[in-house]
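Residue-level structural notes
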Number of protein chains: 2
Amino acid sequence: MAERKNFVLKGNICYSEDIHLLRTVEQGYLVCLEGKTEGVYKELPEQFKALPLTDWGDMLIIPGLVDLHIHAPQFSFRGLNMDLELLDWLNTNTFPEEAKYKDLDYAKKAYQIFADTMKKSATTRACIFATIHRPATELLMDLMEETGLKTMVGKVNMDRNSPDYYCEKSPKESERDTIEWLESVMSKYDNVTPILTPRFIPCCTDELMERLSRIQKKYRIPVQSHLSENKSEIHWVKELCPTSRFYGDAYDQFGLFGKPAKTVMAHCVYSTHEEIDLMEEQGVFIAHCPQSNTNLSSGIAPVRTYLERKMNIGLGTDVAGGSGESIFRAMVDAVSVSKLRWRLLDESLRPVTMEEAFYMGTLGGGAFFGKVGSFLKGYEFDALILDDSSLPHPQPLSLKERLERFIYLSDDRHIKGKFTEGSRIF
Amino acid sequence: MAERKNFVLKGNICYSEDIHLLRTVEQGYLVCLEGKTEGVYKELPEQFKALPLTDWGDMLIIPGLVDLHIHAPQFSFRGLNMDLELLDWLNTNTFPEEAKYKDLDYAKKAYQIFADTMKKSATTRACIFATIHRPATELLMDLMEETGLKTMVGKVNMDRNSPDYYCEKSPKESERDTIEWLESVMSKYDNVTPILTPRFIPCCTDELMERLSRIQKKYRIPVQSHLSENKSEIHWVKELCPTSRFYGDAYDQFGLFGKPAKTVMAHCVYSTHEEIDLMEEQGVFIAHCPQSNTNLSSGIAPVRTYLERKMNIGLGTDVAGGSGESIFRAMVDAVSVSKLRWRLLDESLRPVTMEEAFYMGTLGGGAFFGKVGSFLKGYEFDALILDDSSLPHPQPLSLKERLERFIYLSDDRHIKGKFTEGSRIF
């Protein structure tokens, strides 16, 4: 096995070294040792010449993409019934669909479609919401394990403010199911790990949060949830948690908002200064989900602010708030909505650049998984082989231009190879 | 020939009867006689039973899509260098690229890529900008003729405020070239017709507009241009045309703004009440280009206003302001940006619905070409055969849901057949 993870790829290599620096190397050599990047070279150093080399010709080689926020059970209704705002959308579309995953036959059918699509997508890492159902969540984890993608999957916790047919009966029951789930899956997989997933404050009682906090401390698992997505939601949290200073504080009161718990919060469209300060201080990751924030009429997150403060930020598709699993599309959308925000709301926050969007979709989000999302030395070897030859153009293009164009124009047909930690997925 | 245009298609038929009514007929019969729609039937009437019938099984059949605004020479740099606003973008990206089409070899290479892509796209009708060059414009028309799509193509007129290397030398020269072009192409094609194309007011002197006005009256051809896209542009028009009451008035002074000249104006993001009144009065068509208006940080057009006033409105991709040729994507974007406009700017203008976006991309834009964009009786038989079987879903879906989902999720792989005026394109 170790042998297979020592090799060289040759091609046109592009990756972020940091938020501002996109490095491009034409016809370079990318060396993988023991599943980690050893280096990127213009000439192959002598000591690696004995390694097996694959020459990808004129194709591009980039780090795998990272999706910090996606709902597997919502994949079934992506691109459907997009005419509602968050809270109505949850009640009309989401809860009725997620409830179906109690039925393992339905879950199998739906999650197989999700897993197959994720496998052939450009995503190599993802933070995934399942449903409240333990059996279906484990099934999803089994299926994701088979894809070879490195994912974190969460059984959802929710014990209030959802319909009876889709609500855990008590904090205690939710806790028990969660512990049973964790005991079952903690060491079960090579590729999949559990992540604690309180749906969002409106659906979680204080008692449930208290119990989840204890679970987090005991199992030391990361946390994912939603934050400051929609104005009505924020207003509701204020009502539900009168003692919290701001939305994020309602998580923080239970130690579920960053250090020591590794936490990713989706959206952060309307985070206040205080909330942003606390996120920065405690290293909370932001999953910026531009398409979802548009589709659900939520608004546009102040990404420029987060980038300038060098906060932890990556991209999320938020299927089915987003209509598809493409993080390339999320990069484009991140740039696009930032322009509208700049034009319509605040000309002091200049638009996000393509380099910054690429950073967020690779290295920015990758940091949630460790040394992931770049070809810097020592980083996990997650890579994509991209073929843009079927996207013809009459003029010569630089490698950076080819990458930008790929991000805008490509689809799954153009992904010719995919690796995680040095193992080839396809 | 006529025989080939009499036939029946069976499948799941969807089309707009008007702006509010999307009609769906499962396993219906669509009858084409002499290249026009005769009707849509749940049971095939006796008198059509002798016609050749193609059964498309579970596929969808919809009208061909209409792109009211696309720049063929900009197709080469779609998805590139998206970090500029309109006027800088023209000088940095657009004019240098368009100037290359003086070279017919380059034009051949570039326009062939454009024509091939348009052929396999969902678009059956388009209003196309070429460049200032007569030979390259005729080459483009030759290539578009071969696709079988029904298009209007315009040689661009511009005699000021562009670099020397891409500017017509005088109004007289521009007029002469335009007349020679029209004399050459007026009766040359089955599928392609010329359209008068003053680039936009900032690039056209009064004298040029005067001469174009005479040409329009003589040849009775339609007109396409740009209107109220960007605030700096509007300010500039105000300076250049101090006697015009508003941007559109600068066209209207020369009779190039609707009745009797059939006119389509792209964008209309910042049209004033007066401008909107005049557009409505003179039947000017609006080409709503949501992706371009986002990519160039222009803003978001008040489409709800135009729809409520029942004005003439369709969709445009505006490549390369837009990054691709898909009018399905333009439908999605029309819905998406209208939500952000509603959320961020004006909650009195409710978001565009999917039915309305579908209407704009078919019947709304189709009206510029005559009885086009629907399966109402007597309409030109432009149709698409859509196969969504490779987009699996675990739950049953209604035909309307399948259409919405197709609009969000499909690409050219899913288009299995295409007809214009009863002739099969592929």
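Please read these numbers as outputs of a predicted model, since none were measured by experiment.

Attention shifts here to the overall build of chain A. Across its full length, chain A holds 13 helices and 17 strands. Compactness check: chain A gives a C-alpha radius of gyration of 21 Å against a globular reference of 22 Å for 426 residues, within 12% of the reference. With respect to the principal axes defined by its C-alpha atoms, chain A has extents near 60 × 50 × 40 Å. The buried share of chain A, reckoned over its 426 residues, is 68%. Across chain A, the fraction of contacts at a sequence separation of at least 24, relative to all contacts at a separation of at least 6, is 75%. Put simply, chain A shows about 14,700 Å² of open surface, and 50% of that area lies on carbon and sulfur atoms.

Let us now look at the sheet that holds strand β9 (residues 192-194) of chain B. All names here are of chain B. If you trace the four strands from one edge of the open sheet to the other, you get β5-β6-β7-β9, paired in parallel fashion. Edge positions in the open sheet fall to β5 (65-71) and β9, since each of these has one partner strand only. Each strand axis lies, on average, 20° off the axis of its neighbour in the sheet, ignoring direction. Sheet topology places strand β7 (residues 150-154) next to β9; three bridges connect them, and they run parallel.

Bringing the domain arrangement of chain A into the picture now. All names here are of chain A. The assigned domain composition of chain A is domain 1 (3-64 + 374-424) and domain 2 (65-369). Just the C-alpha atoms count here: the centres of domain 1 and domain 2 sit 29 Å apart. Counting from both sides, the interface comprises 30 residues of domain 1 and, opposite them, 26 residues of domain 2. Regarding the contact of domain 1 and domain 2, the summed buried area is about 2,200 Å², with carbon and sulfur atoms giving 66% of it. Of all residues in domain 1, Ile19, Ile407 and Lys418 bury the most surface against domain 2, accounting for 30% of the area lost on that side. Across the domain 1-domain 2 interface, the total number found is four salt bridges. Between lysine 150 and glutamate 421 there is a salt bridge, with the nearest N and O atoms lying 3.4 Å from each other. Connecting domain 1 to domain 2 are nine residue pairs in polar contact (both at pLDDT 80 or more). Broken down by secondary-structure element, the contributors of at least two residues to the side of domain 1 that touches domain 2 are β1 (7-16), β4 (53-63), β15 (383-386), α13 (399-409) and β16 (415-420). In terms of residue count, α13 provides more of the side of domain 1 that touches domain 2 than any other element does, six residues in total.

Residue and element names in this part refer to chain A. Two elements, strand β2 (residues 22-33) and strand β3 (residues 36-41), share five bridges in a ladder whose sense is antiparallel. Bridge pairing links cysteine 32 to threonine 37 in β3. The loop that links β2 with its antiparallel partner β3 comprises two residues; one of these, glutamate 34, has a positive phi angle of about 50°.

Let us now look at the sheet that holds strand β7 (residues 150-154) of chain A. To summarise the sheet geometry, strands pair through backbone hydrogen bonds and adopt either a parallel or an antiparallel arrangement. Residue and element names in this part refer to chain A. Within the open sheet, the four strands sit side by side as β5-β6-β7-β9. Their pairing is parallel. Both edges of this open sheet fall to β5 (65-71) and β9 (192-194), since each of them pairs with a single strand only. Pairwise comparison of adjacent strand axes, ignoring direction, gives a mean angle of 20° for this sheet. Summarising the sheet, strand β6 (residues 123-129) and β7 pair through five bridges and their orientation is parallel. Bridge pairing in β7 links alanine 126 to threonine 151.

Before going further, it helps to examine the side chain of arginine 160 of chain B. Residues and elements named next belong to chain B. Within the element layout of this structure, arginine 160 appears in the loop between β8 (156-157) and α4 (171-185). No salt bridge forms around the buried arginine 160; measuring N to O, its nearest opposite-charge neighbour aspartate 206 is 5.1 Å away. At a separation of 3.0 Å, a polar atom in the side chain of arginine 160 contacts the main-chain carbonyl oxygen of cysteine 204. The residues touching arginine 160, leaving out its near neighbours within four places in the chain, are Cys167, Ile201, Pro202, Cys203, Cys204, Thr205 and Leu240.

On to the interface of chain B and chain A, then. Taken together, the 48 residues of chain B in the interface contact 50 residues of chain A. For the pairing of chain B and chain A, the buried interface totals around 4,400 Å² over both sides, and the portion due to carbon and sulfur atoms is 56%. Put simply, arginine 413 of chain B and aspartate 411 of chain A hold a salt bridge, and the shortest N to O gap is 3.5 Å. If you list the elements that add at least two residues to the side of chain B that touches chain A, you get α2 (104-120), α9 (290-295), α11 (327-344) and α13 (399-409) of chain B.

Okay, the UniProt feature "domain: Amidohydrolase-related" (unreviewed entry) in chain A next. If you check UniProt for "domain: Amidohydrolase-related" (unreviewed entry), the listed places come out as residues 61-422 of chain A in our numbering. The span residues 61-422 of chain A is 43% helical and 15% strand by assignment, and the distance between its end C-alpha atoms comes to 13 Å.

Placing chain B over chain A gives an RMSD of 0.0 Å and needs a rotation angle of 180°, together with 0.0 Å of translation along the axis. Overall, the copies show the geometry of a two-fold rotation axis. Scanning chain B for the C-alpha nearest the rotation axis identifies leucine 344 of chain B, at a separation of 3.7 Å. Of the interface residues in chain B, 100% have counterparts in chain A that sit at the interface too, so the contact is made through matching surfaces.

Residues and elements named next belong to chain B. Cis rather than trans, the peptide bond between lysine 259 and proline 260 has omega equal to 0°. Here proline 260 shows up in the loop between α7 (247-252) and β12 (263-267). Of note, the amide linkage connecting valine 319 to alanine 320 takes the cis form, showing an omega dihedral of 5°. Within the secondary structure, alanine 320 sits in the loop between β14 (313-315) and α11.

Before going further, it helps to examine the pattern of salt bridges. All names here are of chain A. One pass over the structure, following the stated rule, counts 60 salt bridges over all chains. Notably, a salt bridge pairs arginine 125 with aspartate 382, separated by 2.5 Å at the nearest N-O pair. Highlighted residues: arginine 125 in strand β6 and aspartate 382 in the loop between α12 (354-366) and β15, separated in sequence by 257 residues. Residue arginine 125 shares its accessibility class with aspartate 382, and that shared class is buried.

So, on to the environment of histidine 71 of chain A. All names here are of chain A. Its place among the elements puts histidine 71 in strand β5. Put simply, histidine 71 and threonine 147 are 76 residues apart on the chain and 17 Å apart in space, counted from C-alpha to C-alpha. Filtering out sequence-adjacent residues up to four positions away, histidine 71 remains in contact with Glu98, Phe129, Arg199, His226, Asp318 and Val319.

Residues and elements named next belong to chain B. Along strand β6 (residues 123-129), seven of the seven residues are buried, which leaves the element largely enclosed by surrounding structure. Two strands pair when backbone bridges link them, and β5 and β6 are joined in this way by five bridges, in the parallel orientation. Bridging across to β6, histidine 71 finds its partner in phenylalanine 129. A crossover links β6 with its parallel partner β7, the connecting element being helix α3 (residues 134-147), and its sense is right-handed.

Moving on: the packing of α3 of chain B against α4 of chain B. All names here are of chain B. Contact geometry for α3 and α4: axes closest at 10 Å, N-to-C directions at 25°. On the basis of their axis angle, the class for α3 and α4 is roughly parallel. Here α3 runs over α4; the crossing is right-handed. Between α3 and α4, the residues in contact are Arg134, Thr137, Glu138 and Met141 and Asp177, Glu180, Trp181, Ser184 and Val185, respectively. Of the residues assigned to the contact of α3 with α4, the class counts are three nonpolar, two polar and four charged.

Definitions and limits used
Residues numbered from 1 in each chain as written. Chains lettered and ligands numbered in written order. Predicted model: local features only at pLDDT ≥ 70, side-chain atom pairs only at ≥ 80, totals over all residues. Heavy atoms only, no water. Helix = DSSP H or I, 4+ residues; strand = E, 2+ residues; numbered from the N terminus. Rg over C-alpha atoms; globule rule 2.2 N^0.38 Å. Buried < 20%, exposed > 50% of the residue type's maximum accessible area, 1.4 Å probe, protein only. Contact = heavy atoms within 4.5 Å. Areas by Shrake-Rupley, 256 points an atom, 1.4 Å probe, with all protein chains shown as cover. Pairing = 2+ DSSP bridges. Axes fitted to C-alpha atoms, helices over the stretch in contact; angles between N-to-C directions. Domains from an automatic or database assignment. Buried area = accessible area lost by both parts, 1.4 Å probe. Salt bridge = Lys/Arg side-chain N within 4 Å of Asp/Glu carboxyl O. Polar contact = N/O pair within 3.5 Å; in protein donor to acceptor, adjacent residues only side chain to side chain. Lys, Arg positive; Asp, Glu negative; His and termini not counted. UniProt positions renumbered as here; feature names shortened; annotations may be inferred. Least-squares fit on C-alpha atoms with pLDDT ≥ 70 in both. Right-handed = clockwise from strand over helix to strand, strands pointing away. Parallel < 35°, antiparallel > 145°, perpendicular 65-115°, else oblique. Left-handed = near helix turned anticlockwise from the far one by under 90°. Nonpolar A, V, L, I, M, F, W, Y, C, P; charged D, E, K, R; others polar.

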